[in-house]
Each structure stands twice: as C-alpha cells, then as structure tokens.
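Structural overview for review
In case you want the letters, here they are:
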Amino acid sequence: MMTFKQFVAEGGYPAWVKVSVGAMVLRVRNLAAQIERETDPVKQNRLLAQQSKLLAYVAGLGVAVSTGDLQLGSKIKGNFS
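For clarity, every value in this text was computed on a predicted model and none was experimentally measured.

Before going further, it helps to spend a moment on the overall build of the chain. Helix and strand content of the chain: four helices and zero strands. When the helices and strands of the chain are listed from N to C terminus, the series reads α-α-α-α. Summarising the internal contacts of the chain: among those between residues at least 6 apart in sequence, 33% fall at separations of at least 24. Approximately 6,300 Å² of the chain is accessible, and the part contributed by carbon and sulfur atoms is 62%.

Okay, structure coming up:
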C-alpha cells in the first residue's frame, strides 16, 4: 500500500480527486482519535459508522480512477495477452 505522500506525488490523478481524498483521509484520522477517546459505546458506534462511510468513499474513488486510467488499462491488457 502506498503512502498518501506517494499518492499525491504520483501525478496521474485529477486535482479534485487528490483534494477530496486528502480531506477524507484527514477526517478518517480525526474520527479514529475521537473513537479512541470516547467512552460511550453508542457514540463510538456512530463515529465508527461515519469512519466506515468515508473509507468506502475513498475506496470508491480509487476504483473509479483506476478503471478510467488508460495507462493502467494498457498495462493490464499487456499482462494478459
């Protein structure tokens, strides 16, 4: 798995994706800290649900970008031909 810094430096993704993913990653990290500090299990579950939703969005953006990446598509086709 690549670090966020490597992801940003890669340069193959649109700027809006980089900004969106960066904001979501910061929010996920913030939620993780809140979950650790929270003592009420009900509030922890709500925070976990928010965190899971954000992680799903990040994963979805990764799939959407990967399937539209022409360089990646040609590499995959080259490996299976």
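Turning our eyes to something else, we now look at helix α2 (residues 15–37). In an α-helix, one turn spans 3.6 residues, which is why side chains three or four residues apart end up on the same side. Along its 23 residues, α2 runs 33 Å from first to last C-alpha, staying within 8% of the 33 Å computed at 1.5 Å per residue. Among the residues of α2, those classed as buried are Val17, Lys18, Val21, Gly22, Met24, Val28, Leu31 and Ile35.

What counts and what doesn't
Along each chain, residue indices are assigned from 1 in the same order as the chain's sequence is written. The predicted nature of this model means local features are confined to residues of pLDDT at least 70 and side-chain atom pairs, given and counted, to a pLDDT of 80 or more, with totals for whole chains, interfaces and linings taken over all residues. Only hydrogens and water are set aside when side-chain values are computed; all heavy atoms of the structure are taken into account. Numbering of helices and strands runs from the N terminus, with a helix taken as a DSSP run of H or I at least four residues long and a strand as a DSSP run of E at least two residues long. The contact definition used throughout considers only heavy atoms, calling two residues in contact when any of these lie within 4.5 Å. To be clear on the numbers: accessible area is Shrake-Rupley with a 1.4 Å probe, and residue cover counts the displayed protein chains and nothing else. A helix is expected to reach a length of 1.5 Å times the quantity of its residues less one. The classification of residues rests on relative accessible area computed with a 1.4 Å probe and restricted to protein chains. Under 20% of the type maximum is buried, over 50% is exposed, and intermediate values are partly exposed.

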